[in-house]
Amino acid sequence: HYIGTAILNLYIGMVLKTGIRDNTNGYFAVKSGILKNIRKYTNRYNIDPFDRVLWGTTIAAAAKKLGIPTVEIEAPYRKRDYGETKIPLLDGLKIVLDDMLFAIKLKNAILKK
């Protein structure tokens, strides 16, 4: 889990250059008017941020393109005390590869100059 998350965050950071280091955390705070503008922009390319598990990646990429400043506030991560991930290894690899391909799609669609 840790390795997949680290690779995915590094890759998304290199491809999208949003300045967000942890794209897999899942916490975002966005004013509703700004979010409406972002969704209006991404919908032009038939992309809705909320169609993906990592919806924050799309929001951050669109915010960058639209010149909307973003700030990342580190959230504490506490390692699981017990239990196991519910995602089997091969499914996890598929998710990581799918999100890597989606980062390229975002770059080519909404970030092009």
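Cut-off values and rules
Residues numbered from 1 in each chain as written. Predicted model: local features only at pLDDT ≥ 70, side-chain atom pairs only at ≥ 80, totals over all residues. Heavy atoms only, no water. Patch = residues over 30% accessible without salt bridge, like charges linked within 9 Å, V, L, I, M, F, W, Y side chains within 5 Å. Areas by Shrake-Rupley, 256 points an atom, 1.4 Å probe, with all protein chains shown as cover. Salt bridge = Lys/Arg side-chain N within 4 Å of Asp/Glu carboxyl O. Helix = DSSP H or I, 4+ residues; strand = E, 2+ residues; numbered from the N terminus. Buried < 20%, exposed > 50% of the residue type's maximum accessible area, 1.4 Å probe, protein only. Contact = heavy atoms within 4.5 Å. Polar contact = N/O pair within 3.5 Å; in protein donor to acceptor, adjacent residues only side chain to side chain. Phe/Tyr/Trp six-rings, centres within 6.5 Å; stacked < 30°, edge-to-face > 60°. Lys NZ or Arg CZ within 6 Å of the ring centre and 35° of its normal.

Asker: Hey, could you run me through a nonpolar patch on the surface in this one?
Answerer: Residues Tyr2, Ile3 and Ile7 make up a contiguous nonpolar surface patch of roughly 390 Å² in combined accessible area. With respect to the secondary-structure elements, Ile7 resides in helix α1 (residues 2-16).

Asker: Help me understand the environment of Glu72 in this model?
Answerer: When you line up the elements, Glu72 lands in the loop between α3 (55-66) and α4 (89-109). With relative accessibility at 29%, the residue Glu72 sits in the partly exposed group. Placed 49 residues apart in sequence, Glu72 and Asn23 show a C-alpha to C-alpha distance of 9.9 Å. Not counting chain neighbours up to four residues away, the residues in contact with Glu72 comprise Gly19, Ile20, Arg21 and Asp22. In terms of polar contacts, Glu72 uses its side chain to reach the backbone amide nitrogen of Arg21, at 2.8 Å. Among the polar contacts listed, one links the side chain of Glu72 to the backbone nitrogen of Asp22, at a separation of 2.9 Å.

Asker: Just checking my understanding: could you explain the packing of aromatic side chains for this structure?
Answerer: Each aromatic ring pair is characterised by the separation of its centres together with the angle its planes make. Within this structure, the stated rule accounts for three aromatic pairs. Plain terms: the ring middles of Tyr41 and Tyr45 are 5.4 Å apart, the flat faces sit at 70° to each other, and that makes the pair edge-to-face. Among the residues examined, Tyr45 registers a relative accessible area of 29% and is labelled partly exposed. Ring centres of Phe50 and Trp55 lie 5.4 Å apart, and the angle between their planes is 45°; this geometry places the pair in the tilted category. Over the aromatic face of Phe102 sits the side chain of Arg52, whose NZ or CZ is 4.0 Å from the ring centroid.

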